[in-house]
Number of protein chains: 2
Amino acid sequence: MSGDCDHHCGGHHEGLPSCGAQKGTRGGVPEFAERLRKKSRRVTGARKSILDILSRQSHPITIRGIHDQLPKGDCDLATIYRSMHLLEGMGMVKRYEFGDGQARFELLREGDDGHHHHLVCTGCAVVVELHECGMGELEARMVLSHGFTRVTHKLEFFGLCPRCQGG
Amino acid sequence: MSGDCDHHCGGHHEGLPSCGAQKGTRGGVPEFAERLRKKSRRVTGARKSILDILSRQSHPITIRGIHDQLPKGDCDLATIYRSMHLLEGMGMVKRYEFGDGQARFELLREGDDGHHHHLVCTGCAVVVELHECGMGELEARMVLSHGFTRVTHKLEFFGLCPRCQGG
DNA sequence: CACAAGATGCAAATGATTTGCAATTAGCAT
DNA sequence: ATGCTAATTGCAAATCATTTGCATCTTGTG
Ligand SMILES: [Mn+2]
Ligand SMILES: [Mn+2]
Ligand SMILES: [Zn+2]
Ligand SMILES: [Zn+2]
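The rules behind the values
Residues numbered from 1 in each chain as written. Chains lettered and ligands numbered in written order. Predicted model: local features only at pLDDT ≥ 70, side-chain atom pairs only at ≥ 80, totals over all residues. Heavy atoms only, no water. Contact = heavy atoms within 4.5 Å. Buried area = accessible area lost by both parts, 1.4 Å probe. Salt bridge = Lys/Arg side-chain N within 4 Å of Asp/Glu carboxyl O. Nonpolar A, V, L, I, M, F, W, Y, C, P; charged D, E, K, R; others polar. Pairing = 2+ DSSP bridges. Helix = DSSP H or I, 4+ residues; strand = E, 2+ residues; numbered from the N terminus. Near = heavy atom within 4 Å. Polar contact = N/O pair within 3.5 Å; in protein donor to acceptor, adjacent residues only side chain to side chain. Donors = N, O, S within 2.8 Å, 3.2 Å for Na, K, Ca; no water. Tetrahedral: all angles 85-135°; square planar, octahedral: opposite > 155°, others 65-115°. 1 Å grid on protein atoms, 1.4 Å probe; cavity = no way out; pocket = protein on both sides within 12 Å on 5 of 7 lines; lining within 4 Å. Points joined across faces, edges and corners; volume = space filled by probe spheres on them. Buried < 20%, exposed > 50% of the residue type's maximum accessible area, 1.4 Å probe, protein only. Least-squares fit on C-alpha atoms with pLDDT ≥ 70 in both. Axes fitted to C-alpha atoms, helices over the stretch in contact; angles between N-to-C directions.

Caption draft 1: Spatial organisation of the interface of chain B and chain A. With 35 residues of chain B at the contact, the number on the chain A side is 35 residues. Buried surface at the junction of chain B and chain A, both sides included, amounts to about 2,900 Å², of which 66% is carbon and sulfur. Linking chain B with chain A are two salt bridges. As a salt-bridge pair, E132(A) and R141(B) come within 2.6 Å of each other at their nearest N and O atoms. Here the side of chain B that touches chain A is built from residues that sort into 18 nonpolar, nine polar and eight charged. The sheet contact formed by strand β6 (residues 149-160) of chain A and strand β6 (residues 149-160) of chain B spans nine bridges and is antiparallel. Along β6(B), the bridge assignment pairs E156(A) with K154(B).

Caption draft 2: Seen up close, the protein's contact with DNA strand D. Lining the immediate surroundings of DNA strand D are 22 residues, of which Y81(A), R41(B), T44(B), R47(B) and T79(B) lie closest. Here the atoms of DNA strand D within 4 Å of the protein split so that 66% fall in sugar or phosphate, with bases taking the remainder. For DNA strand D, a phosphate oxygen lies 2.6 Å from a polar atom in the side chain of T44(B). Within the backbone of D76(B), one N or O atom sits 3.0 Å away from a phosphate oxygen of DNA strand D. Put simply, the parts of the chain that give the surface near DNA strand D at least two residues each are α4 (77-89) of chain A together with α2 (45-55) and α4 (77-89) of chain B. Among the elements that take part in the surface near DNA strand D, α4(A) stands out by supplying four residues, more than any other.

Caption draft 3: Focus on the coordination of the zinc ion (ligand 3). Residue and element names in this part refer to chain A. At the metal site, the zinc ion (ligand 3) is ligated by H115 (NE2), H117 (NE2), C133 (SG) and H153 (NE2), and these contacts range over 1.9 to 2.2 Å. For the zinc ion (ligand 3), the four donor atoms in the first shell make angles of 96 to 122° at the metal, so the coordination geometry reads as tetrahedral. Here the donor residues for the zinc ion (ligand 3) map to a single chain with the spacing H-x1-H-x15-C-x19-H. Here H115, found in the loop between β3 (103-107) and β4 (117-121), pairs with H153, found in strand β6; they are 38 residues apart in sequence, far enough to count as distant.

Caption draft 4: Focus on empty space enclosed by the protein. Enumeration according to the criterion identifies two cavities of 30 Å³ or more in this entry. Computed from the structure, the largest cavity encloses a volume of approximately 50 Å³. Around the largest cavity, the lining residues are L138(A), R141(A), M142(A), H117(B), L130(B), E132(B), C133(B), L155(B) and F157(B). Contributing elements (two or more residues each) for the lining of the largest cavity: α5 (136-146) of chain A together with β6 of chain B. Top element by residues in the lining of the largest cavity is α5(A). It accounts for three residues. The residue makeup of the lining of the largest cavity, split by class, is six nonpolar, one polar and two charged. The calculated volume of the second largest cavity comes to roughly 30 Å³. Lining the second largest cavity are H117(A), L130(A), E132(A), C133(A), F157(A), L138(B), R141(B) and M142(B). In terms of residue class, the lining of the second largest cavity is built from five nonpolar, one polar and two charged.

Caption draft 5: View of the pattern of salt bridges. Enumeration over the complete set of coordinates arrives at 14 salt bridges over all chains. Put simply, E137(A) and R141(A) hold a salt bridge, and the shortest N to O gap is 3.1 Å. Pair noted here: E137(A) and R141(A) are both in helix α5, with a separation of four residues, about one helical turn. Take E137(A): its relative accessible area is 61%, and that puts it in the exposed class. Owing to a relative accessible area of 28%, R141(A) belongs among the partly exposed residues under this scheme. Residue D100(B) is joined to R104(B) by a salt bridge in which the shortest nitrogen-to-oxygen separation is 2.4 Å. Taken together, the salt bridges that share partners define one network made up of E31(A), R35(A) and E110(A).

Caption draft 6: Summary view of the relation of the copies chain B and chain A. Of the two same-sequence chains, chain B is brought onto chain A (RMSD 0.1 Å, axial shift 0.0 Å) by a rotation of 180°. Expressed as an axis order, the relation between the two copies is that of a two-fold axis. Residues of chain B ranked by C-alpha distance from the rotation axis are headed by L155(B), positioned 2.2 Å from it. Looking at chain B, 100% of its interface residues are interface residues in chain A too, so the copies touch through the same face.

Caption draft 7: Looking closely at the coordination of the zinc ion (ligand 4). Residue and element names in this part refer to chain B. Taken together, the protein donors to the zinc ion (ligand 4) comprise H115 (NE2), H117 (NE2), C133 (SG) and H153 (NE2), at separations of 1.9 to 2.2 Å. Coordination at the zinc ion (ligand 4) is tetrahedral, judged from the four donor atoms that bind it and the angles of 96 to 122° they form at the metal. Read from N- to C-terminus, the donor residues coordinating the zinc ion (ligand 4) fall into the pattern H-x1-H-x15-C-x19-H. Residue C133 is located in the loop between β5 (127-130) and α5 (136-146), and its partner H153 is located in strand β6; the two are separated by 20 residues in the primary sequence. Owing to a relative accessible area of 8%, H153 belongs among the buried residues under this scheme.

Caption draft 8: Structural detail: the sheet that holds strand β4 (residues 117-121) of chain B. Strands sit in the order β5(A)-β4(A)-β6(A)-β6(B)-β4(B)-β5(B) across an open sheet of six strands; the sheet is mixed. At either margin of the open sheet sits one strand with a lone partner, and together these are β5 (127-130) of chain A together with β5 of chain B. The average angle at which neighbouring strand axes cross in this sheet is 20°, direction not considered. Together, β6 of chain A together with β4, β5 and β6 of chain B form the strand contacts of α5(A), whose direction differs from that of β6(A) by roughly 135°. Contacting β4, β5 and β6 of chain A together with β6 of chain B, α5(B) crosses the sheet at an angle of about 135° to β6(B).

Don't take any of this as a statement about function, it's just geometry.
Right under this line is the structure:
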């Protein structure tokens, strides 16, 4: 992010229908523990903590962000990196890149492919979750015009949020 | 890139209307030297070499890619990194990210904002230059719905090219 | 409770990119 | 052409995000 200013970025939500921060029970850690066991992956303390933190995010979070929210010394950075790879491979988290060199992740509910995009403020890094994709037609055109298959896309929007438009 | 296989990726072009590899004169280094001088930036040997290499690419190229094409010892990696920052800041090159951790660059002609996207094969990394953007409407909606200004977007497509669809 | 596969901590290794600094130049003014 | 200064460069060291090796723990099971 061009970022440094941290003001108003903390819990700022703009149009966040399916915000991940649910009550705490449903769609929570146990659901994911289940999924892990099903693939003979172990439900460890580290993973539960990570999933727990992920489940209360409303926007993609960085590895370091997860680490910072974990009780100090609760889990090593390397473990988080390894966990994210595992979870990503199992389709339990989705990776996003905002172009600032760090990967960000969002938890995926069962059956959700998590496909959506973001609008990021280049001034304060506030994130708006976008729910429409509207790229279906374009993507189909790619397939037809160039003979590619399994076509996907990465798309993120950037701009100045209302509060950062000082001039 | 998932990449390792280098076969057929070398000079493979698929639909490349405004391919950067022009005859050699027009839109070449001198045009850019001009732009550099105009902003009291010096036209050095390193920059000329870099611009020259950039001008003969048909797809975005990495820093290392540029370095490898430069006569050995002709220019330090750090210099290329610094040059790319300068050129990017002057609007003479555009940065792209294919999600493999390395930035890629394309030269921009005067007046061209270079806005376009790519279709990258996840199998062999072959790149197709896309000339339609078609995001104008979506972008405008972002602006209206969320009050952002100066909205831009980063968009790249990924998929399996015809030659990599073995199964 | 014993065991083996899987996980984790820690430190060292990678890889891309950045930076400090002293030595070199390009562009402009004698 | 010569001098001068700010811009530029090479080189090595520093950053940063991410990955890995390895010895040591744990989880899931029987
Ligand atoms: Mn999101
Ligand atoms: Mn291009
Ligand atoms: Zn989409
Ligand atoms: Zn576009």
